[in-house]
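Examination of the molecular architecture
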Amino acid sequence: MIAGYLMTAPALIVIALVTLFPIGYSIWMSLNTITSTYNGFQFSFNGLNNYVTVFQNSMFWQALWFTVTYAAVTVTLELVLGLLVALALNQPIRGRGLAIAVMLIPWTLITVISAQMWDYIYNGIYGVLNAILMSVHIINVPVLWLGSPVTATISMMVADIWKTTPFVTMIMLAGLQLIPSDLYEAAKIDGATGWRSFWNVTLPLLRPSIGLAALFRILQAFGLFDLPFVLTNGGPGTSTTPIAMLAYKAIFNDGNFGTGTAVAVATVGIVIILALLSLKALRTQVGEIE
Amino acid sequence: MVLTLISIVVPTLALSACSPSNTATAPTKPRSSGAAVTTIQWAAGTISGTGLRANLIHQFERLNPDIKVKLVAEANNTDTTRAQLSATISGGSTTPDVYLGDVIWPGQFGHQHLALPLSDYLSKSYWNRFAPGLVAGASYHGKVYGSPWFMDSGFLYYRKDLLARYHLPVPTTWEQLKSEAAILQGRHAVRYGFVWEGASYEGLTCNWMEYLADAGGHVFNSSGRPDMNTPQALKALTFMRSLITSGVTPSAVTTFTEPQAMNVFNDGQAAFLRNWDYAYSNSQTKGQSTVIGKVAVAPLPAFAGHGSTGFACIGGWDMYVNPHTQHLSQALRFIQFMSSLQAETKLATIASEIPTNYAVQQNPEVRKLNPVLAIVSKTHLIARPSQTPKYAQVSQAIYTNINAALAGQVSPQSALQQANQQLANATSTNAL
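Residues numbered from 1 in each chain as written. Chains lettered and ligands numbered in written order. Predicted model: local features only at pLDDT ≥ 70, side-chain atom pairs only at ≥ 80, totals over all residues. Heavy atoms only, no water.

A separate point is the packing of aromatic side chains. Aromatic ring pairs are defined here through the distance separating the ring centres and the angle between the ring planes. Within this structure, the stated rule accounts for 44 aromatic pairs over all chains. Summarising the aromatic geometry, the rings of Y120 of chain A and Y126 of chain A are spaced 6.5 Å apart at their centres and angled 40° between planes, so their arrangement reads as tilted. Their ring planes at 75° and their centres at 4.9 Å tell us that Y126 of chain B and W127 of chain B sit as a pair that is edge-to-face. Accessibility classification places Y126 of chain B together with W127 of chain B in one group, the buried group. Members of the aromatic cluster, joined through ring pairs, are W42, F60, W149, F150, F334 and F337 of chain B. Here the guanidinium or amino end of R274 of chain B rests over the ring plane of W276 of chain B, the centre of that ring lying 4.4 Å away. (Phe/Tyr/Trp six-rings, centres within 6.5 Å; stacked < 30°, edge-to-face > 60°. Buried < 20%, exposed > 50% of the residue type's maximum accessible area, 1.4 Å probe, protein only. Lys NZ or Arg CZ within 6 Å of the ring centre and 35° of its normal.)

Inspection of the secondary structure assignment puts T46 of chain B in the loop between β1 (38-44) and α2 (52-63). The sequence separation of T46 of chain B and N221 of chain B amounts to 175 residues, and the corresponding C-alpha distance is 36 Å. (Helix = DSSP H or I, 4+ residues; strand = E, 2+ residues; numbered from the N terminus.)

Tracing the backbone through its elements, the reader meets N64 of chain B in the loop between α2 and β2 (67-73). Overall, the relative accessible area of 9% leaves N64 of chain B in the buried class.

Next up on the list: the domain arrangement of chain B. Note: interface size is frequently given as the accessible area lost on complex formation between the parts. Residues and elements named next belong to chain B. Segmenting chain B into domains produces domain 1 (10-28 + 36-151 + 317-377) and domain 2 (153-314 + 381-428). Computed from C-alpha atoms alone, the centre-to-centre distance between domain 1 and domain 2 is 29 Å. Contacts between the two partners involve 23 residues from domain 1, matched on the other side by 22 residues from domain 2. Here domain 1 meets domain 2 over a buried area of about 1,900 Å², counting both sides, of which 62% is carbon and sulfur. If you sort the residues of domain 1 by the area they bury against domain 2, I104, V372 and I375 come out on top, with a joint share of 27%. Salt-bridge contacts for R384 lead to D102; the nearest nitrogen and oxygen are separated by 4.0 Å. (Domains from an automatic or database assignment. Contact = heavy atoms within 4.5 Å. Buried area = accessible area lost by both parts, 1.4 Å probe. Salt bridge = Lys/Arg side-chain N within 4 Å of Asp/Glu carboxyl O.)

Moving on: the interface of chain B and chain A. Listed per partner, the contact involves 45 residues of chain B and 36 residues of chain A. Roughly 3,000 Å² is buried in total at the junction of chain B and chain A, and carbon and sulfur atoms are behind 55% of that figure. Where chain B meets chain A, there are zero salt bridges. For the side of chain B that touches chain A, the secondary structure elements donating two or more residues are α3 (78-90), α4 (106-111), α10 (258-266) and α17 (391-406) of chain B.

Residue and element names in this part refer to chain B. As summarised here, the arrangement of the four strands in space is β8-β9-β7-β10, forming an open sheet in which the pairing is mixed. Looking at the sheet topology across the chains shown, the edges are occupied by β8 (192-195) and β10 (295-298). Each adjacent strand pair in this sheet contributes to an overall mean axis angle of 20°, direction not counted. (Pairing = 2+ DSSP bridges. Axes fitted to C-alpha atoms, helices over the stretch in contact; angles between N-to-C directions.)

This part covers helix α11 (residues 243-253) of chain A. Residue and element names in this part refer to chain A. Counted residue by residue, α11 has nine buried out of eleven residues, so it is predominantly covered. If you check which residues of α11 are buried, you get I243, M245, L246, A247, Y248, K249, A250, I251 and N253. Backbone geometry just after α11 places G255 at a positive phi near 70°.

Within the secondary structure, N403 of chain B sits in helix α17. When sequence neighbours within four positions are dropped, the list of residues in contact with N403 of chain B reads P236 and G237 of chain A together with G198, A199, S200, L204 and T254 of chain B.

Glancing now at the pairing of strand β2 (residues 40-45) of chain A. Residues and elements named next belong to chain A. Looking at chain direction, strand β1 (residues 32-37) and β2 are connected through six bridges and run antiparallel. Residue pairing for β2: S36 is matched across the bridge by F41. Hairpin remark: β1 followed by β2, antiparallel, with two residues in the connecting loop.

With that settled, the discussion passes to the pattern of salt bridges. As enumerated under the stated definition, the model contains eleven salt bridges over all chains in all. A salt bridge links R274 of chain B to E197 of chain B, with the nearest nitrogen and oxygen atoms 3.1 Å apart. With a gap of 77 residues between them, R274 of chain B in strand β9 (residues 270-275) and E197 of chain B in the loop between β8 and α8 (202-214) connect regions that are remote in the sequence. Exposure remark for E197 of chain B: the relative accessible area of 0% places this residue in the buried category. Salt bridges here are not isolated pairs; linked through shared partners, they connect E78, D160 and R217 of chain A.

Written out as structure tokens, the structure reads:
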């Protein structure tokens, strides 16, 4: 037992250094008023003042609400779409390897680059989307996709779902391949049709994978930054400003290191609660299977 | 043998002879070897998309064989560049040694110690070379933080071929510009009348300052209180919104930064463009423009009854020195070269920028080659309220709310109310 801890100690220490230290330092920063001097930062402890400032600011709640809505919609849709694609790819069809490779392309692209591409697609003057919709007479005048809060949010969600569904698909596909085929045989013998075998065999056994995918995606969705950074810079107005961009602007534009880190730490708190909840859901599911 | 000795001694002598004069104004760090070449890093954005930076570096290196300059690209918009530099420098990085920074930064960068107070290191006489007002603009609390490099201001670019064909005069009022643009659109001469920068970012604050000053408004009153919820401001914002609702300006302008506005104009799709100095040479560059030879530049218009020339927002870029630099004397020599007659003449003739060196600005030969410079004395300049370390928040309070009103999300009236409220917060507390 002790030997085991000793063996893993080096790795654990490295992990602690690269994760715990920055987190601890951020928390410490968020409890101080910080001024930048020629010799580095000067800290003066101010307790929870930064948090009071943050929680009293309507912009924080607006950004939090935007991020939560965004995460809820995109994660849900990505799970549904990812599952459907995984079910299709789990069939012994011809060219499956090629299909998987093609499907992974959006996921392998760096987000700022694919966001730039979506920016061209959504452009209100020479955008491809408007050109297509106008040529098939769905719309008569170009729509400014990134110019109003609702369309800008939806446009961003579409770009996110396009990019991240492959990731969910891969996790689901791995989960599907772990389900023993004799279970399906047994279900067949019991007279279960396709839909019932999906509902009673596939879905329960896939729950750990779904939980895992959801966990990863929620964490990523709360870190949303690059898509709005490229597509809208948080606009129009501040309507598409996610929480990470709020922290970024406070720290790097305004030099408010204290309040900026308070935003970041408060968000981490919220995300940890959400992550623990999904982990808990995941564990019970694993227990049920055993 | 004698020859080799001489060839070793002479360069050393030459170096030691010239180094005191070059660095007389700067504290020198003792260097172990006079022949060593020092490399300094210069962070700068593209200027007019030309090879200007490489050209100037090449010239500097020829004159200063002991210094090499490595160019580091800056982002293509001021907000991102500021975020990158402030993260790098506040973290204690020794590079870049010299960086090109916006004229609105001295307040914030001086306050946060992200730039070296150059006035502590360069002689008083150094600053005499600049055009009036520029050094004050680069100062904060009595110290000069930036060495002005080029001056920028808003201009009206127009299609002279179209105005001639339809017998329209160059507009001197906003109302006239709007109606002429509508006429040209009505005749199908162009798709859009007038394009400018309306996205939610710093550039919109610049555009806004121009309309606001034209209408007689201001951001802060004389006692420093936010005062943007006024009939004058309402007139300015209502007019900007009407450009969009009337179709003279495409609604996509609320997502436009400089490159997007420039593209539409270069593509021949717009009759008028509001943009900075560089737009002239940009619109005349082969391969990126279809309107070569068809463009002229004029001062921005005023509102009818408010004089014959409108206000133009002051922009521009200064050379700043990283306070953590390990190569201070080399960095200072570099920025001194960059504001010299030689470098500023290149800047003004290769790129259509307004030089900050007063002698170059006044040189008739240079003026002949730079149509933007020729009209610069006719414009009225309006500065952004950047003499505060909180300027980033001040500007954000302006551009987010103006952008929301332009997009039709809120009424001009409530956008101004909201902006005024946020300006008060920005200047008073550590708010977000």
